[in-house]
Amino acid sequence: MTDTPESVNLSDVSSRKVDTELLNELRDLFARAEDQKERYDFTWNGKAKAYFEAATPTTKTLRPHPEDSISFENSENLFITGDNLEALKLLQESYLGKIDMIYIDPPYNTGKDFVYHDNFKSTQKDTDVAEGSVDEDGNRLVKNEKNSGRYHSDWLSMMYPRLRLARNLLADSGAIFVSIDDNEQANLKLLMDEVFGEDNFVAKISWRRTDNQPNLGNFARVSEYIFVYAKNYPIVNLGRLPLSESALKEYRYEDSYAGKFRRGILLDKTRGRHSYPVITKGGNVLNGPWMVTEAKMKEMDERGEIYWTNGGDEQPYKKIYLKDSKGAIPNDFWGIDYGTNQRASLEVESLFGKRVFDFPKPVSLLQSLISIGAPAKNAIVVDFFAGSGSVAHSVMQLNKEDDGNRKFIVATLDEPTPEDSEARKAGYQTIDQISRERIRRAAKKLGDTSGFRALKVDKTGLKEDVFKTAGELTQENLQLDVDNQADARSDYDLLYDVLVDGALEYNRQIATETISNEPIIKYDYLGELSGVIAYFGDNLTNELTREIAKLKPLIAVFKESTFNKSSDKVNVLEQFRVISPETKVKVV
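Residues numbered from 1 in each chain as written. Predicted model: local features only at pLDDT ≥ 70, side-chain atom pairs only at ≥ 80, totals over all residues. Heavy atoms only, no water.

**Describing empty space enclosed by the protein**
So, point 1. If you walk through the whole model with that rule in mind, you get one cavity of 30 Å³ or more.
So, point 2. The calculated volume of the largest cavity comes to roughly 40 Å³.
So, point 3. If you go around the largest cavity, the residues you meet are I80, N84, A87, L88, L91, V382, D383, F384, I409 and A411.
So, point 4. Counting residues per element, the ones that place at least two in the lining of the largest cavity are α4 (84–91), β14 (380–383) and β15 (407–412).
So, point 5. Broken down by element, the lining of the largest cavity gets its largest block of residues, four residues, from α4.
So, point 6. In terms of residue class, the lining of the largest cavity is built from eight nonpolar, one polar and one charged. (1 Å grid on protein atoms, 1.4 Å probe; cavity = no way out; pocket = protein on both sides within 12 Å on 5 of 7 lines; lining within 4 Å. Points joined across faces, edges and corners; volume = space filled by probe spheres on them. Helix = DSSP H or I, 4+ residues; strand = E, 2+ residues; numbered from the N terminus. Nonpolar A, V, L, I, M, F, W, Y, C, P; charged D, E, K, R; others polar.)

As structure tokens, this is what we get:
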């Protein structure tokens, strides 16, 4: 006889209902599993669109702003204002595989710092417009609230195309460093694994961001994270950090051969693999086990590379000289000695006399990261979430300390400063104004004269109505359409249209000269078959054409409106064909 459990209430059983929705989901799941093999996949709503966003060519150009620059003609540093997605697209061909290090500090998706206007597809557009989260065109506005069903998806869709484009810019030996906090660090790891590959993961640095510890909640959150990925891990070029004060104290011995040194273990009973007798200076015999072979031990002793202790068993040690040190291998836990958010705020405040920017990164932290990611003294460092300009400041600081010549390319939005902020009260209308001013003030303080070239993402320089169908062209307006450039385009504007179109680097030297009493622009011109020579005046004579052709630039550029008739253009082409056939002649 089987006992009926006393806890069973038959009335409760009879009142339970089958969850048909759950059953239908399980049925569909098993049906899909039978049709195809299940596999791990990292996806989100909008991923496909984000992928195609990275592949969509830009219709923008770069417009130079010499008035906002320092040493515009000579500087090799770039400061780009505008949407960083467009900026990355404009850098693609010109800097493909040329960047040594990328550092970014993207929005942490706290719900208050999401200002990138990517056109995310929404199934609730009307509701979003009413709530003020998107505009009439579907562009995401400032906030990305956590109660949104697309909270993580929108952030991932914003980051995905930017990281894909960033990877293209990195040299094969380059690396990218990305700061993040707990809001998206798990998703960022998966995203970085997909874009850069799990095999290219280098480290996840935990950095203590604060001097003090908040006494709120159940746990005090004092850490942020920095993900480090290589473009190609087997050949990545990473540097080391300067030795700490405690590490330097270990080099307390010195000889006349090579100076200061520390002791290195030769006799190790755990790791030693070689056994043979060694006679000490006092006649004692030590049999190991040794870390080196007997032949190597004798060679080191003959060269004076062994330090013998005087007492005890007179154990020999290897001399490890300070002059041979390449620095300290970085680890994945960084304390407050690398700087904190509080100290970073004070750094900016000391430059401006007031707090004009919230939550910058400390120069000491970024300088250490750049030491790792850009050890070559002529490296190029990119930051496309430039914020207050901390990376540019850190590059200049490191260059001063190690006599380097690293260059920076930074990009940031012209995001308005809050109306009641100290920045607005000080006259800074947008974030990029703060960033440029910080670089100016930091450069003055450091004695850095490298400057920067200010550029802005802008619409193409062509007139909006330049593209016409055959039916729209008439004899009366044909002459008006000869000059297809928009009004108020400076010579530098036209030059940068050529550089963008020709996939040429944007930070080469610019020189202006006079030939045959006419101004010309030389861009990266180092002699025959190099650089660009441009003439954008309206008085192109045969003599001027011949003189430019004699310089034999790689590219010669003229303005369309310079030519009154097609025969004039043919004449120019013919002169270059005779004098400098290798020169490519362009008309804009």
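**Points about the sheet that holds strand β7 (residues 253–255)**
So, point 1. The sheet built from four strands is open, its strands ordered β7-β8-β12-β11 with antiparallel pairing. Every interior strand has two partners, whereas the edge strands, β7 and β11 (306–308), have only one. Within this sheet the neighbouring strands show an average axis-to-axis angle of 50°, counted without direction.
So, point 2. Pairing geometry for β11 and strand β12 (residues 316–321), over three bridges, is antiparallel. When the bridges of β12 are listed, W308 appears paired with P316. (Pairing = 2+ DSSP bridges. Axes fitted to C-alpha atoms, helices over the stretch in contact; angles between N-to-C directions.)

**Section: the packing of aromatic side chains**
So, point 1. Going through the model one piece at a time under the given rule, you end up with 20 aromatic pairs.
So, point 2. An angle of 45° between the planes, with centres 4.9 Å apart, marks the rings of Y253 and Y307 as tilted. Of this pair, Y253 sits in strand β7 while Y307 is found in strand β11, placing the two residues 54 residues apart along the sequence.
So, point 3. On the accessibility criterion, Y253 (16% relative accessible area) is buried.
So, point 4. Grouping aromatic residues by their ring pairs yields a cluster made of Y253, Y257, F261, Y307 and Y321.
So, point 5. One cation-aromatic arrangement involves K189 over F201; the distance from NZ or CZ to the ring centre is 4.7 Å.
So, point 6. Sitting over the ring of F72, R453 keeps its end group 5.2 Å from the ring centre. (Phe/Tyr/Trp six-rings, centres within 6.5 Å; stacked < 30°, edge-to-face > 60°. Buried < 20%, exposed > 50% of the residue type's maximum accessible area, 1.4 Å probe, protein only. Lys NZ or Arg CZ within 6 Å of the ring centre and 35° of its normal.)

**A short note on unusual backbone geometry**
So, point 1. The omega angle of the peptide bond from G288 to P289 is 10°, so this bond is cis rather than trans.
So, point 2. On the secondary structure map, P289 appears in the loop between β10 (285–286) and α9 (294–302).
So, point 3. Not every positive phi belongs to a glycine, and S516 is a case in point at roughly 55°.
So, point 4. At L529, a residue that is not glycine, the phi angle is positive and equals roughly 60°.
So, point 5. Within the secondary structure, L529 sits in the loop between β18 (518–523) and β19 (532–535).
So, point 6. L529 gets classed as partly exposed once you look at its relative accessible area, which sits at 44%.

**What to know about the nonpolar core**
So, point 1. Core analysis: the biggest nonpolar cluster contains 63 residues, and L163 and Y506 have the highest contact counts within it.
So, point 2. Among the elements that take part in this core, helix α6 (residues 151–169) stands out by supplying nine residues, more than any other.
So, point 3. Discounting chain neighbours no more than four positions away, the residues touching Y506 are L62, L78, L90, L91, S94, Y95, R453, L455, Y496, L499, V500 and Y523.
So, point 4. Residues M101, Y103, A230 and A392 belong to the second largest nonpolar core, which totals 45 residues. (Core = buried A, V, L, I, M, F, W, Y, C linked by side-chain atoms within 4.5 Å. Contact = heavy atoms within 4.5 Å.)

**A word on the sheet that holds β14**
So, point 1. Read across the sheet, 10 strands follow the order β1-β16-β2-β15-β14-β3-β4-β6-β5-β13 without closing on themselves; strand pairing throughout is mixed. Each edge of the open sheet carries a strand with a single partner, namely β1 (60–64) and β13 (333–334).
So, point 2. Pairing of strand β4 (residues 170–180) with strand β6 (residues 223–230) involves six bridges; the strand directions are antiparallel. Across the sheet, V178 pairs through a bridge with F227, a residue of β6.

**Overview of the pairing of β4**
So, point 1. Within β4, nine of the 11 residues are buried, leaving the element largely enclosed by the surrounding structure.
So, point 2. Alignment of strand β3 (residues 99–104) against β4, held across five bridges, turns out to be parallel. Within β4, the residue paired with Y103 across the bridge is F177.

**Overview of the environment of E419**
So, point 1. With respect to the element layout, E419 can be found in the loop between β15 and α13 (422–425).
So, point 2. The spacing of E419 and Q429 is 10 residues in sequence and 8.5 Å in space, taken between C-alpha atoms.

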